[in-house]
Amino acid sequence: MRPTIPELRQWRPAAISAAGAAAQAASDLVDAATRRIVRAVDATTWSGVTAVAAERFVDDTDVRARQIRRMLVEIAEEAARAGADLARARAVVLGEVDGVIADGYAVTDDGHVTGRDGPDERSRTAEVRIRNGMNVIDAVDEHCGARIDELVAAILGAAIPAGGAAEVTLPDGSTADADRVVTALTRMTPSTRREFLSRLAEEDRLRIAAADPGVVGNLDGIDFELRSAANDLAIRAALETERLAGRADGVRARRLEDLLRLLADGRRRRFIAFDNARGHVIEMVGEVRADTRNAAVLVPGTGSGLDTIDQSVAAATELAHATGGPVFVYLDGDLPQTMGYEGLDDALGAGALAGSLAGPLGHALGAAAAVAESLDGSAADPRFAREMAPGLVGFAAELDAEIAERAPGAAVTVIGHSYGGSVVGSAEQLGLRADRVVYASSAGTGVFDGPWRNANPAVERYSLTAPGDPIQWVQALSGNPHGDDPDSAPGVFRMDTGFHAPGADGSRSPVAGVDGHGDYWRDPDSDAFRNIVRVVVGERPTGYIERQPDIGLRLPW
């Protein structure tokens, strides 16, 4: 496919290389699993017709497994080449585009270059280079895509024995292989998908989930019950992969075991999205029942992810218990893992040392480069909110559909804490629909240009920021990449953060300062947490009382 320049900027060739690595890992998994089967049959002492049939089946499976392994290795090699070639070509094209734009030329989406006074030698040369690079990208993409499609088709042919895959009875009474039904589902709209699945028997729905858990567990338009069943299978498969790879005692294997562990009350954990390779997940705490009156979505902040989800789940559990409705921990995307100041002193020292060799200007440039390096990929970077926001909009629509089917009339509250507030604000700018929105210790109102465009014209908005919370340095910063200060945004009701639960001596300390940024999530009896509960259940929260001044524009350096 020949992309436009904007589309090329969004391409991530590294994902192709990662897919190749996954194919190689899958080949290793098939190899290990087949060896275990062969060893198990060889170790038996049985005989007779059944034994002969089993041996023949295992021999046939071993032959097909070798074919599959070979083709997976070819996919891995093809993807690695494609990823590297596309990355190089993309860098060349975008480098030329950015260079000519910096020189004052205009570049159209299809690579046409013009100057202020019309075409000249610079514009013609740049246009030729850009278009040549795009031709290379188009050729690599078409060739590698076609080859990988061939290999995938060959794998399916080798994987499915003569008897075929599990069959599903369709609404019209005909039957089809479960894997073909999954393929058909991916081509439907979410509403059509939901309606189609509602007409299938439960055993057929589960066959579809088992056919491709990674797809079914993350596909919009599939009800949460089926997505949860599919993701349960996907987590078990991911854990088996870790074990077969010799990483049974690794961090990720232990995390996957935690995800599969029953809760204290005997219920299993439920996941509405799961992607082990990228570490993305949506966990559902509680259930959507016929008597459910409210549901909430919690988007956590910096440092959150699959390996640290339990911290957010603990808060969600308290919130679900207090509100009587389900709470969804939304981590279906990448959040920054650093604040941006980590290692800044060392970076500044190294940058200053290098820059001092070039005098005062070099010193300043070296320090600036050190700061930029420290902030890149940190909570100061709006990229994460920009990339997560569209998915949150989609998930909110899926939650609406689930509620309309199972608990009509229940209200949805979307809560963004810290960096998660930036994600929520950005989603509102893209048209998120919610009944109520809470900006809890939020970094801002959204990273995109323009106002909130919540699809619900009657949406209620609330903010919650403790006095002295360091996030106020970000909120008050001129040119804050996360948007405006939600505490002072028009139409937002700032709630009181109040005090923590009484201590052993009966005294209550204020929710304030550094700890006030998030400690209230671990204190369900705090005034801040109780105000969030009031919003979720549709009650009026208490308004903000100034007990000490906000940080305002006073910076910490």
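Counting restarts for each chain, with residues numbered from 1 along the sequence as it is written. Per-residue local features are limited, in this predicted model, to residues with pLDDT of at least 70; the limit for side-chain atom pairs, both in listing and counting, is 80 or more; totals at the level of whole chains, interfaces and linings are taken over all residues. Calculated side-chain values reflect all of the structure's heavy atoms, with hydrogen atoms and water omitted.

Caption draft 1: Layout of the overall build of the protein. Only runs of H or I of at least four residues qualify as helices and only runs of E of at least two qualify as strands under DSSP, and these elements are numbered from the N terminus. When helices and strands are tallied, the protein shows 17 helices and 12 strands. Considering only contacts in the protein between residues 6 or more positions apart, those separated by 24 or more positions represent 68%. Using a 1.4 Å probe, the Shrake-Rupley method yields the accessible areas, and only the shown protein chains count as cover for residues. Counting every atom, the protein has about 26,900 Å² of accessible surface; 55% of that belongs to carbon and sulfur. Contact between two residues is taken to exist if any of their heavy atoms lie within 4.5 Å; hydrogens are not considered.

Caption draft 2: Seen up close, the confidence of the model for the protein. Residues of the protein with pLDDT of at least 70 account for 85%, and the chain-wide mean is 85. Every residue in residues 350–372 is under pLDDT 50, and counting partners more than four places away or in other chains gives 13 contacts. pLDDT gives the predictor's per-residue confidence on a scale running from 0 to 100.

Caption draft 3: Structural detail: the pairing of strand β10 (residues 436–440). Per-residue accessibility, obtained with a 1.4 Å probe over protein chains only, is compared with the maximum for each type, and a residue is labelled buried under 20%, exposed over 50%, and partly exposed between these values. With respect to burial, β10 is a largely interior element, 5 of its 5 residues being buried. Residues of β10 alternate between two faces, with Arg-436, Val-438 and Ala-440 on one and Val-437 and Tyr-439 on the opposite face, all of them buried. In short, DSSP must find at least two bridges between two strands for them to pair. Taken together, the 5 bridges between strand β9 (residues 411–417) and β10 define a ladder with parallel strand orientation. Across the sheet, residue His-417 finds its bridge partner in β10, namely Ala-440. When the strands point away from the viewer and the path from the first strand over the helix to the second turns clockwise, the crossover is right-handed. Between the parallel elements β9 and β10, the chain passes through helix α15 (residues 419–429) in a crossover that is right-handed.

Caption draft 4: Here's a closer look at the environment of Ala-434. If you trace the backbone, Ala-434 turns up in the loop between α15 and β10. Exposure remark for Ala-434: the relative accessible area of 0% places this residue in the buried category. Look past the residues within four positions of Ala-434 in its chain and what remains in contact with it is Val-412, Val-414, Asn-454, Asn-456 and Val-459.

Caption draft 5: How the structure looks around the pattern of salt bridges. The term salt bridge refers to a pairing of a side-chain nitrogen on Lys or Arg with a carboxyl oxygen on Asp or Glu at a separation within 4 Å. Using the criterion set out here, one finds 40 salt bridges in the structure. Residues Glu-127 and Arg-131 are paired through a salt bridge, measuring 3.8 Å at the closest nitrogen-oxygen approach. Taken together, the residues Glu-127 and Arg-131, both in helix α4 (residues 121–159) and 4 residues apart, mark about one turn of the helix. On the accessibility criterion, Glu-127 (17% relative accessible area) is buried. Of the charged contacts in the structure, one is a salt bridge between Glu-225 and Arg-270, with a shortest N-O distance of 2.7 Å. Of this pair, Glu-225 sits in helix α9 (residues 224–244) while Arg-270 sits in strand β5 (residues 270–275); the two residues are 45 residues apart in sequence, bridging distant segments of the chain.

Caption draft 6: Seen up close, unusual backbone geometry. Its identity is not glycine, yet Ser-418 carries a phi of approximately 60°, on the positive side. If you trace the backbone, Ser-418 turns up in the loop between β9 and α15. For Ser-418, a relative accessible area of 7% corresponds to the buried category. Despite not being glycine, Ser-441 has its phi angle at roughly 50°, a positive value. Relative to the assigned elements, Ser-441 resides in the loop between β10 and β11 (460–464). What makes Ser-441 buried here is its relative accessible area of 0%.

Caption draft 7: Representation of α15 in the model. The buried count for α15 comes to 11 of 11 residues, which makes it a mostly enclosed element. Among the residues of α15, those classed as buried are Tyr-419, Gly-420, Gly-421, Ser-422, Val-423, Val-424, Gly-425, Ser-426, Ala-427, Glu-428 and Gln-429. In this structure, the buried residues of α15 make contact with β7 (294–299), α14 (383–406), β9, β10 and β11. At the exit of α15 stands Gly-431, carrying a positive phi of roughly 105°.

Caption draft 8: Region of the structure containing empty space enclosed by the protein. In this analysis, the protein atoms alone were mapped onto a 1 Å grid. Cavities are point sets where a 1.4 Å probe fits without being able to get out; pockets are open sets with protein on both sides within 12 Å along at least five of seven lines; lining residues have an atom within 4 Å of a point. Grid points are joined across faces, edges and corners, and a volume is the space filled by probe spheres set on the points. Per the stated rule, a full pass over the model turns up 1 cavity of 30 Å³ or more. What lines the largest cavity is simply Pro-467, Thr-497, Gly-498, Pro-510, Val-511, Ala-512, Arg-547 and Gln-548. For the lining of the largest cavity, the residue count by class is 4 nonpolar, 3 polar and 1 charged. Charged means Asp, Glu, Lys or Arg here, nonpolar means Ala, Val, Leu, Ile, Met, Phe, Trp, Tyr, Cys or Pro, and polar covers whatever is left, Gly included.

Caption draft 9: Structural context of the nonpolar core. With 80 residues, the main nonpolar core has Leu-319, Phe-328, Leu-392, Ile-415, Trp-521 and Ile-532 as its most contacted residues. A total of 10 residues in this core trace back to one element, the largest contributor, which is α14. Setting aside anything within four residues of it in sequence, one finds Ile-415 in contact with Ala-296, Val-297, Leu-298, Val-299, Leu-319, Val-424, Val-438, Ala-440, Trp-521, Ile-532 and Val-536. Among the buried residues, those of types Ala, Val, Leu, Ile, Met, Phe, Trp, Tyr and Cys that are joined through side-chain atoms within 4.5 Å form a nonpolar core.

Caption draft 10: Main features of the packing of aromatic side chains. Here a pair means two rings of Phe, Tyr or Trp (six-membered ring of Trp) with centres within 6.5 Å. Their orientation is stacked below 30 degrees between planes, edge-to-face above 60, and tilted elsewhere. Counting across every chain of the model gives 9 aromatic pairs. Both rings, one in Phe-328 and one in Phe-395, keep their centres 5.6 Å apart while their planes meet at 65°; by these two values the pair is edge-to-face. Here Phe-328 is found in strand β8 (residues 327–331), whereas its partner Phe-395 is found in helix α14, with 67 residues between them in sequence. By relative accessible area, Phe-328 is classed as buried at 0%. Owing to a relative accessible area of 3%, Phe-395 belongs among the buried residues under this scheme.

Caption draft 11: Seen up close, the sheet that holds β5. Spatial ordering of the open sheet is given by β5-β6-β8-β7-β9-β10-β11-β12, a layout of 8 strands whose pairing is mixed. Looking at which strands have only one partner, the edges of the open sheet turn out to be β5 and β12 (492–494). Adjacent strand axes in the sheet meet at a mean angle of 15° when their direction is disregarded. In this structure, β7 lies alongside β9, joined through 6 bridges in parallel fashion. Bridge pairing links Leu-298 to Ile-415 in β9. Axes here mean lines fitted to C-alpha atoms, for a helix over just the part in contact, with angles spanning 0 to 180 degrees between N-to-C directions. Contacts between α9 and the sheet are confined to β5 and β8, with β5 contributing the most and set at about 55° to the helix.

Caption draft 12: View of the side chain of Ser-526. With respect to the secondary-structure elements, Ser-526 resides in the loop between β12 and α17 (527–537). Among the polar contacts made by the side chain of Ser-526, one reaches the main-chain carbonyl oxygen of Asp-523 at a distance of 2.8 Å. Ser-526 has contacts with Phe-499, His-500, Ala-501, Val-511 and Tyr-520, leaving out every residue within four places of it along the chain. We define a polar contact as two N or O atoms separated by no more than 3.5 Å, with the added condition that, inside protein, one atom must be a possible hydrogen donor and the other a possible acceptor, whereas residues neighbouring each other in sequence contribute only through side-chain atom pairs.

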